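Survey of secondary and tertiary structure
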There are 2 protein chains.
Amino acid sequence: MATTSWVPVPAGSPFTVHNLPYGVFSLPDEDPRVGVAIGNHVLDLAPLAASEYADFAGVFTAPTLNPFMALGARAWHAVRHWVTERLTDEAFRSLVEPELVPADQVRLHLPFEVADYVDFYASEHHATRLGRLLRPNEPPLTPNWHHLPIGYHGRAGTVAVSGTPVTRPCGQHLAPGETSPSFGPSTRLDLEAEVGFVVGTPTVAGQRVSVDEVREYVFGVVLVNDWSARDLQAWEARPLGPFLGKSFRTSVSPWVVPLAALDAATVAPPAQDPAPLPHLRGTNDFGLDLDLEVSINDQVVARPRYADMYWTPAQMLAHLTSNGATLRTGDLLASGTVSGPGEGEYGCLMEASAGGTRPLTLADGSTRTFLRDDDVVTIRATAPAPGGGRLGLGEVTGQVRPATP
Amino acid sequence: MATTSWVPVPAGSPFTVHNLPYGVFSLPDEDPRVGVAIGNHVLDLAPLAASEYADFAGVFTAPTLNPFMALGARAWHAVRHWVTERLTDEAFRSLVEPELVPADQVRLHLPFEVADYVDFYASEHHATRLGRLLRPNEPPLTPNWHHLPIGYHGRAGTVAVSGTPVTRPCGQHLAPGETSPSFGPSTRLDLEAEVGFVVGTPTVAGQRVSVDEVREYVFGVVLVNDWSARDLQAWEARPLGPFLGKSFRTSVSPWVVPLAALDAATVAPPAQDPAPLPHLRGTNDFGLDLDLEVSINDQVVARPRYADMYWTPAQMLAHLTSNGATLRTGDLLASGTVSGPGEGEYGCLMEASAGGTRPLTLADGSTRTFLRDDDVVTIRATAPAPGGGRLGLGEVTGQVRPATP
C-alpha cells in the first residue's frame, strides 16, 4: 500500500498515515463513537464500516474501544489494513471523504473503559532517585527491584481523558517536625510522565502470558499523567503502598496508538543484570524508542526517553499474569514515571526539584518545586515512523484547579 | 408490618425475613437476574415487579445488582419495604408464591460488577500481629496507623463469587537463606476473613462523603476471602505494597445483605486514641456486631468478631473520598482481615500459625501452617436481628486447586 495519504497531513502532525490511532469522539448532539485520527481529521468509522465492512460496524458505534479491542489481534490487523488502504488509495476517496470530520469540531472522550489499572515502576533512574529521596537511610532500590517489575493497582475509576481538570486534592500529611498529621490541600502536587499499554484480548484464569505473546494482548499505547500528591503519599504509603496520593486523578491521551504503528520504534530491550528468571524472558522482547516531552504552561521542563526504561512492556504483562491473574479488555498497564539518567530527563517534579529542595526555573522566569494552581501540564511523545520521519502519540494535558474548600 | 413470613424459614437459616439479601441467580437455560433470598427460596423479583412495581422491573432483569444499586438509598428503602410487605402479608401469597424458586435449583453469580476494589487494614489486632511478623525490627504499627484507615487498591477483575475454585498461584519468592528469588507455586497460601461494603450511589469528582453519610452510599455487605500468597507478598511488597500476592483471586459471598438489615447489629464505634482528624469523625458513626466463623474442611479454625475492628466502615468511606476521588456503583471496600485479641480469633493463617512457625491442629488431627491443595475454606457470619435471634450473611467458600504447571 502507498505510504502517503490523499488526506492532507500537515507537517509535524503526530497523526500521519503510519499512525492511525483510535479514539472515541462525538459531534454536538450525537452519540460518542469510534474514530481514527489522520492529520487534522477524524475518520468516522461506523458509517464507513456499515457501507463496506459490516462485520465491524457494530463495534464502531460503541462509546468505547472495548468491544473492538476485545475482538483480538487478528481483527485489529484486518481493520488497520482496511483503514490504511482507504486512506492511501485515491480510488476510495469519494467513498471515504464524507466520513472525515474536522478534528476541531469533535469532542474527544475517554477512549476505553478502564478495567484494572496497574502502575509499574519500570525506570531504574526514577526508582533510584525516588528511593534516595524517600528512604535516605536505606539502599535506594529494594532487593526485589532487579528481579521483577514492581507494580501496584491504581484507581481505575478516576482515570480520565486529557483535558479533564485536576482539582488539587486534600488529605493528611505530616508537616516537617510534627508527629501528628494535619488535613488540608496538598502542597506537593506533582506530575508523572508515563506510557500506558492498553490490553485488548482477555485471558482466562490461570493463563500466563509469555513475554513473546505481548502483541496478541496489547492493543495499543497511550500517554499517562499519573498526578501525585507527594505529601499525602509520603504519610500514607507504609506499609501497603500509595493510595490517596495517587487516586484522585490519572489522565490519559485520547488517541490509542496501535502497537503495530510502533514497529519502527522497537529497539533491543535493555541489558538486564541479573538475568531475569525464565518467565520474564523471551526471544522477541523489545523496548520502545519514544521521546517524551513534559511541559508546564507550554515551557518544556523535561525530555525523558522511553528507551531508557529497564523493564519492557512485555515483561510487565508477563509478570502481571505470572500468578494466573486474568486480563480484561481495557486493563491499563502504565510504565511508571519515565526518567533518564541526566538532568532534563526527569519525568516528575519530585526528581527535578530534588524532593522540593531545588526549584526549577521555567522559561518565563517563574520557579517551581511542585505544581501551582492553574498550571497546565502537557506530555507529548514522538516515535520513529517507517521509512523515516516521526509519528506522535498526541498529548495528555490537564490544568490544576484550586482545592475544594 | 409483620415480622414473620408466610414463606417457611427453617430454624438456623441465615435468610430470615429481617435479612432479605439481594443476589443474582439463574435457572438452567435462563438469563441471570436479581433475586432475594428468603429461607430456602429465591424470590424472582423481575416478574413480580413487572406485575405490580413496574418502575423497577428493568433493573431486576439485569445480570448484576449495579443498575438497582445505582438508583440510590431512597429506591433501596422503597424496594425493601415492598418486598417485606409481600413476604409477610398473607394477602400477597397467591401473587408471590409462583415467583419463589427453590434455592437448590439456582446457580448464583457474582452479585455485582466490581468497579474498584479497595482493601483496608482496619483491625488493630491483625495489623499489629502482621507487623511483628513482617517487620520484626520495627514498631509493629507504622506511625500513620492510628490516624487513617490504611488501604490499597486490589484487582477488581479477579473478584469472583463464592464457590469459584482458587488455583494455587505461582510467583517469585525468596527462599530462606537465599539472596536471589525463585519461581514456583506458593508454599504459603493463606485465607483472609474480611467483610466487604458495596457502594451503590456514585459521587462526582471532588465530592467528599462524610462519616454520617455512609447509609446514603453503601448498599450492603458481603463476606470476603482475600486469598493471599504470603511468600509472594513478602518478596514483592516493598516499596509499593501487595500486588501478585493478592491479585490472583478474591472471593465474595453471593448475597449482599442490605445495610438496613443490620440496624440491630450496629454498636458504638470503638474508642479511638488519638481522636481522628475532623474529616474522619461523625455524630452517627457505628461499628457492626458481626460474628465470623472461619473453617477449613468444615472444621472451625477461628471465630473473629467484627465489633473488634478499630476503623469503622464510614471512616473507610470518608477517608477514601477525602481526596476527592469518585465512587462508582460497584466499588467494593473490604475491611482487611478481621482478627480479635485472643487465640481462636485470628482471621488468617499467618497469624494463627505465627508466620508458619506453629502449626494449627484441626479437629480431624491434621495440621496446617498454610493451606494445602484441596482444602475448602468457608467463612460465615451472623448478626443480631431485630427483636432477638440472629440473621446471617451466608457464606463465602472456595476450594484450593493445585498450581498450574
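Parameters and conventions
- Residues numbered from 1 in each chain as written.
- Chains lettered and ligands numbered in written order.
- Predicted model: local features only at pLDDT ≥ 70, side-chain atom pairs only at ≥ 80, totals over all residues.
- Heavy atoms only, no water.
- Helix = DSSP H or I, 4+ residues; strand = E, 2+ residues; numbered from the N terminus.
- Buried < 20%, exposed > 50% of the residue type's maximum accessible area, 1.4 Å probe, protein only.
- Contact = heavy atoms within 4.5 Å.
- Buried area = accessible area lost by both parts, 1.4 Å probe.
- Salt bridge = Lys/Arg side-chain N within 4 Å of Asp/Glu carboxyl O.
- Polar contact = N/O pair within 3.5 Å; in protein donor to acceptor, adjacent residues only side chain to side chain.
- Nonpolar A, V, L, I, M, F, W, Y, C, P; charged D, E, K, R; others polar.
- Domains from an automatic or database assignment.
- UniProt positions renumbered as here; feature names shortened; annotations may be inferred.
- Pairing = 2+ DSSP bridges.

Some thoughts on the environment of A:Gly39
All names here are of chain A. Position of Gly 39 relative to the elements: it lies in the loop between β2 (33–38) and β3 (41–44). A relative accessible area of 7% places Gly 39 in the buried class. Excluding its chain neighbours within four sequence positions, the residues that come into contact with Gly 39 are Pro 8, Val 9, Pro 10, Ser 13 and Phe 15.

Notes on helix α10 (residues 313–321) of chain A
Burial analysis of α10(A) places 9 of its 9 residues in the buried class, which makes it a mostly covered element. By the burial criterion, the buried members of α10(A) are A:Pro313, A:Ala314, A:Gln315, A:Met316, A:Leu317, A:Ala318, A:His319, A:Leu320 and A:Thr321.

Some remarks on the interface of chain B and chain A
Counting residues at the interface gives 58 residues for chain B and 58 residues for chain A. Carbon and sulfur atoms make up 57% of the surface buried where chain B meets chain A, a total of about 5,300 Å² over both sides. Together, B:Arg155, B:Leu240 and B:Phe243 form the three largest contributors to the area buried by chain B at its contact with chain A, with a combined 15%. Applying the counting criterion to the chain B and chain A interface returns 4 salt bridges. Between chain B and chain A we count 30 residue pairs in polar contact (both at pLDDT 80 or more) in total. Listing elements by their share of the side of chain B that touches chain A, those giving two or more residues are β6 (117–120), β7 (151–153), β10 (170–173), β11 (182–185), α8 (230–236), α9 (244–247) and α10 (313–321) of chain B. Its residues assigned to classes, the side of chain B that touches chain A shows 28 nonpolar, 20 polar and 10 charged.

Quick word on the domain arrangement of chain A
Residues and elements named next belong to chain A. Domain annotation of chain A identifies domain 1 (22–109) and domain 2 (117–401). Of note, the centres of domain 1 and domain 2, computed from C-alpha atoms alone, are 29 Å apart. Roughly 1,400 Å² is buried in total at the junction of domain 1 and domain 2, and carbon and sulfur atoms are behind 74% of that figure. When the buried area of domain 1 at its contact with domain 2 is split by residue, Tyr 22, Met 69 and Trp 76 rank highest and sum to 39% of it. Where domain 1 meets domain 2, there are 0 salt bridges. There are 2 residue pairs in polar contact (both at pLDDT 80 or more) connecting domain 1 and domain 2. For the side of domain 1 that touches domain 2, the secondary structure elements donating two or more residues are β1 (22–26), β2, α3 (66–69), α4 (73–88) and β5 (107–109). A total of 4 residues in the side of domain 1 that touches domain 2 trace back to one element, the largest contributor, which is α4. Looking at the side of domain 1 that touches domain 2 residue by residue, the classes come out as 11 nonpolar, 6 polar and 1 charged.

Looking at the UniProt feature "binding site: substrate" (unreviewed entry) in chain A
Taking the UniProt record as the reference, the feature "binding site: substrate" (unreviewed entry) is found at A:Tyr121, A:Arg135, A:Gln233 and A:Thr337. Tracing the chain through its elements places A:Tyr121 in the loop between β6 (117–120) and α6 (124–134). Dropping the residues within four chain positions of it, A:Tyr121 is found in contact with A:His126, A:Ala127, A:Leu130, A:Trp145, A:Ile150, A:Ser335, A:Gly336, B:Pro239 and B:Leu240. Within the fold, A:Arg135 resides in the loop between α6 and β7 (151–153). If sequence neighbours within four positions are ignored, A:Arg135 has contacts with A:Leu130, A:Pro140, A:Thr142, B:Arg238 and B:Pro239.

Looking at the pairing of strand β13 (residues 193–199) of chain B
Residues and elements named next belong to chain B. Counting buried positions along β13 gives 7 out of 7 residues, so the element sits mostly inside the fold. Residues Ala 193, Val 195, Phe 197 and Val 199 line one face of β13 and the alternating positions Glu 194, Gly 196 and Val 198 line the opposite face, and both faces are buried. Pairing analysis gives 7 bridges linking β13 to strand β14 (residues 218–225), with the strands arranged antiparallel. Looking across to β14, one finds that Val 199 is bridged to Val 218. In this sheet, strand β22 (residues 332–334) lies alongside β13 in antiparallel orientation, the contact comprising 3 bridges. Each bridged residue has a counterpart across the sheet, and for Val 198 the counterpart in β22 is Leu 332.

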